Amino acid sequence: MNCIIIDDEPLAVRLLESFVQKTPDLELLASFTDSVEGATAIKEGQADLVFLDIQMPDLDGMELARIVPPQTRIIFTTAFKEYAFESYEVRALDFLLKPIRYSKFLAAVDKAREWFNVQRSTFNIERATIFLRVDGELRQLSLDKILYVSGMKDYVMFYIDGERRPLITHMTMKAVEEMLPTELFMRVSRSYIVALQHIRKVDRNDCIYIGDEIIHVTDAYLPAFQDYIAQRMKHPNQS
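None of these values were measured; they are calculated from a predicted model. (Residues numbered from 1 in each chain as written. Predicted model: local features only at pLDDT ≥ 70, side-chain atom pairs only at ≥ 80, totals over all residues. Heavy atoms only, no water.)

(A) Representation of the pattern of salt bridges within the structure. Evaluated as defined, the whole model comprises nine salt bridges. In this structure, Arg113 engages Asp25 in a salt bridge whose closest nitrogen and oxygen atoms are separated by 3.2 Å. Of the two residues, Arg113 sits in helix α5 (residues 102–120) while Asp25 sits in the loop between α1 (10–21) and β2 (27–32), which places them 88 residues apart along the sequence. For Asp53, the salt bridge is made with Lys98, and the minimal N-O distance between the two is 3.6 Å. Highlighted residues: Asp53 in strand β3 (residues 49–53) and Lys98 in the loop between β5 (92–97) and α5, separated in sequence by 45 residues. As far as the burial class goes, Asp53 and Lys98 line up, both buried. One network of salt bridges, in which partners are shared, links Asp7, Glu9, Asp53 and Lys98. (Salt bridge = Lys/Arg side-chain N within 4 Å of Asp/Glu carboxyl O. Helix = DSSP H or I, 4+ residues; strand = E, 2+ residues; numbered from the N terminus. Buried < 20%, exposed > 50% of the residue type's maximum accessible area, 1.4 Å probe, protein only.)

This is the structure in structure tokens:
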């Protein structure tokens, strides 16, 4: 896994660099104490993993997390545990509290390795399925049939191509986001995840037309979505 480190404290950067150096399967692309320079590196999309401090001048970690490409994952590093809950709203795999011990660092890297192994496994979307518990029964659902997912408190609704009513199941949006492959699905607001292949158009107000629904991409998720659109415009045949 390729990684970058962004932290305004030089000592923290050097510690993480030493951890990366002695960890198998990790390759350090770059380190930054300047969050603006780090933002440029994030947008390039070369890193699989970003070790990211939260409290920094100019751009803080939460702001940077909003522009992380869909294929990149974050491990937050911070001295303030009150940010832990918020960190999981921006595709963070883990949250390391300073001072960071190597054992905790390794555990976070192992979690990242497992996540990428799942994402990189070869599958045919037409045959890929998930199971949902609906009305007390397990229903097998083809990924290519999902149009979008809408969240409502502790329940989510899966809208399926060709079906009039959504499938309702007891889950959180966070759990759904982790279940669905990021190369095929993207969260575009707190309440919606969309199937990228089913988007018919995007209007000038950043509204997605998909199925019979019009879904607005909210500000927090807009940079990642715009990066996806830009990449598809550059490489229209990219899967």
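Anyway, onward from the coordinates.
(B) Examining unusual backbone geometry more closely. The omega torsion of the bond from Lys98 to Pro99 falls at -5 degrees, within 30 degrees of zero and hence cis. Here Pro99 shows up in the loop between β5 and α5. Within the chain, Asp135 stands out as a residue other than glycine whose phi angle is a positive 55 degrees. For Asp135, the location among the structural elements is in the loop between β6 (129–134) and β7 (137–142). Although it is not a glycine, Lys153 sits at a positive phi angle of roughly 55 degrees. Mapping Lys153 onto the fold places it in the loop between β8 (146–152) and β9 (155–160). Given a relative accessible area of 83%, Lys153 falls into the exposed group.

(C) Expanded view of the packing of aromatic side chains. In total, this model carries seven aromatic pairs according to the counting rule given. With a centroid separation of 5.0 Å and 20 degrees between ring planes, the pair formed by Phe51 and Phe105 is classed as stacked. Residue Phe51 is located in strand β3, and its partner Phe105 is located in helix α5; the two are separated by 54 residues in the primary sequence. You can call Phe105 buried: its relative accessible area is 0%. Measuring from ring centre to ring centre gives 4.4 Å for Tyr148 and Tyr159, while their planes differ by 15 degrees; the resulting arrangement is stacked. (Phe/Tyr/Trp six-rings, centres within 6.5 Å; stacked < 30°, edge-to-face > 60°.)

(D) Representation of the sheet that holds strand β1 (residues 2–6) within the structure. Reading across from one edge, β2-β1-β3-β4-β5 is the order of the five strands in this open sheet, with parallel pairing throughout. Strands with a single pairing partner mark the edges of an open sheet, and in this sheet they are β2 and β5. Strand after strand, the sheet turns through a mean of 20 degrees between neighbouring axes, direction not considered. Direction of pairing for β1 relative to β3: parallel, over a ladder of four bridges. Bridge assignment links Ile5 to a residue of β3, and that residue is Phe51. Its contacts with the sheet place helix α2 (residues 35–44) against β1, β2 and β3, and it is angled at close to 160 degrees to β1. (Pairing = 2+ DSSP bridges. Axes fitted to C-alpha atoms, helices over the stretch in contact; angles between N-to-C directions. Contact = heavy atoms within 4.5 Å.)

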